[in-house]
Amino acid sequence: MTEHHETPEGVSGRALRSNAPSRDIQTKDIPQATVARLATYLRVLAVLADEGVLIVSSEELAVAAGVGSAKLRKDLSFLGPNGVRGVGYDVAKLYARIEDVLGLSQGHRVILVGAGNLGRALAGYGGFRRRGFTMVGIFDSDPQVVGDTVVGLAVRDAAELRAAVAELVPTIAVITVPDAAAQAVCDQLVAAGMRCILSFSPVALDAPPAVEVRRVDLAVEMQMLSFERARSVEAQGPDVRRPVSAALHKAGPAHHKASGVVVSVDTGSVVAQ
């Protein structure tokens, strides 16, 4: 089983060899955290290029990306020689270099299995195409969904996956099916020859070592946010944790005025003044 979810190993030299032209990059392992930041730098560089910026300093790029300049320089050191001391980075060249390392210079063809609400939302997100990911096929097993049109593509029967993969030649598959069906869909994709799979199911998927599986669990992300909020509130003291409604009712039947608004505790009504 191979499943990568915030793994420390990062992108291996083997994974880079098929996309990166530079030998010094091919032989290095880039930490996963650095890969994530490289994607952020790429987004910032795209904005700078659109604005006509030709040269950017490490400090400027770091601020725009929300990292320290020392960390940025360390991240970019994995790409080989970049920038000129006292001058900065050539925006277009650095953008192209990061694209190569991330395997984006040739673009990716993406198929999606699961044309429910989440699947349709992902398929309709325009940011994927702008970053080199083109949706080429959408699949579902529900007869009432098969045949629908989503972002200009007809939803195809998931039973056609093996033949469709040979026809469409996708490089990435996205799974957005119910948890109970996720493993079966993964098995179908692997049997069809897919080697890169992104799953939005919280279920841990079994796949051969040669298959890269990444899992996005939205509930876990929200739980992490909940933890951060709880920790922040704890640091601010008990008064912050008390809901506003509890604070109002503690004062008993009354009208509470603030910023031109009257709140009646008895009725719960809000009247602007």
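Residues numbered from 1 in each chain as written. Predicted model: local features only at pLDDT ≥ 70, side-chain atom pairs only at ≥ 80, totals over all residues. Heavy atoms only, no water.

Topic: the sheet that holds strand β8 (residues 172–175)
Okay, step 1: The strand order across the open sheet built from six strands is β7-β4-β3-β8-β9-β10, with neighbouring strands paired in parallel fashion. One side of each edge strand has no neighbouring strand; the edge strands of this open sheet are β7 (156–157) and β10 (212–215).
Okay, step 2: As defined by bridge partners, strand β3 (residues 108–113) adjoins β8 across four bridges and the pair is classed as parallel. Residue pairing across strands places Val110 opposite Ile172, the latter belonging to β8. (Pairing = 2+ DSSP bridges. Helix = DSSP H or I, 4+ residues; strand = E, 2+ residues; numbered from the N terminus.)

What about the pairing of strand β9 (residues 196–199)?
Okay, step 1: Burial along β9 is one-sided: the face carrying Ile197 and Ser199 is buried and the face carrying Cys196 and Leu198 is not.
Okay, step 2: Where β8 meets β9, three bridges bridge the pair, whose relative direction is parallel. Note on β9: the bridge partner recorded for Ile175 is Ser199.
Okay, step 3: Note that the unit made of β8, helix α10 (residues 179–192) and β9 has a crossover that is right-handed.
Okay, step 4: Relative to β10, β9 runs parallel, the two sharing four bridges. Within β10, the residue paired with Leu198 across the bridge is Arg214. (Buried < 20%, exposed > 50% of the residue type's maximum accessible area, 1.4 Å probe, protein only. Right-handed = clockwise from strand over helix to strand, strands pointing away.)

Thoughts on the UniProt feature "binding site: NAD(+)" (unreviewed entry) in the protein
Okay, step 1: UniProt's entry tags Gly114, Ala115, Gly116, Asn117, Leu118 and Gly119 with the feature "binding site: NAD(+)" (unreviewed entry), counted in the numbering of this structure.
Okay, step 2: Judged by relative accessible area, which is 4%, Ala115 ranks as buried.
Okay, step 3: Among residues more than four places away in sequence, those in contact with Ala115 are Arg120, Ile138, Phe139, Asp140, Val145 and Val155.
Okay, step 4: Summarising the element assignment, Asn117 is placed in helix α7 (residues 117–123). (UniProt positions renumbered as here; feature names shortened; annotations may be inferred. Contact = heavy atoms within 4.5 Å.)

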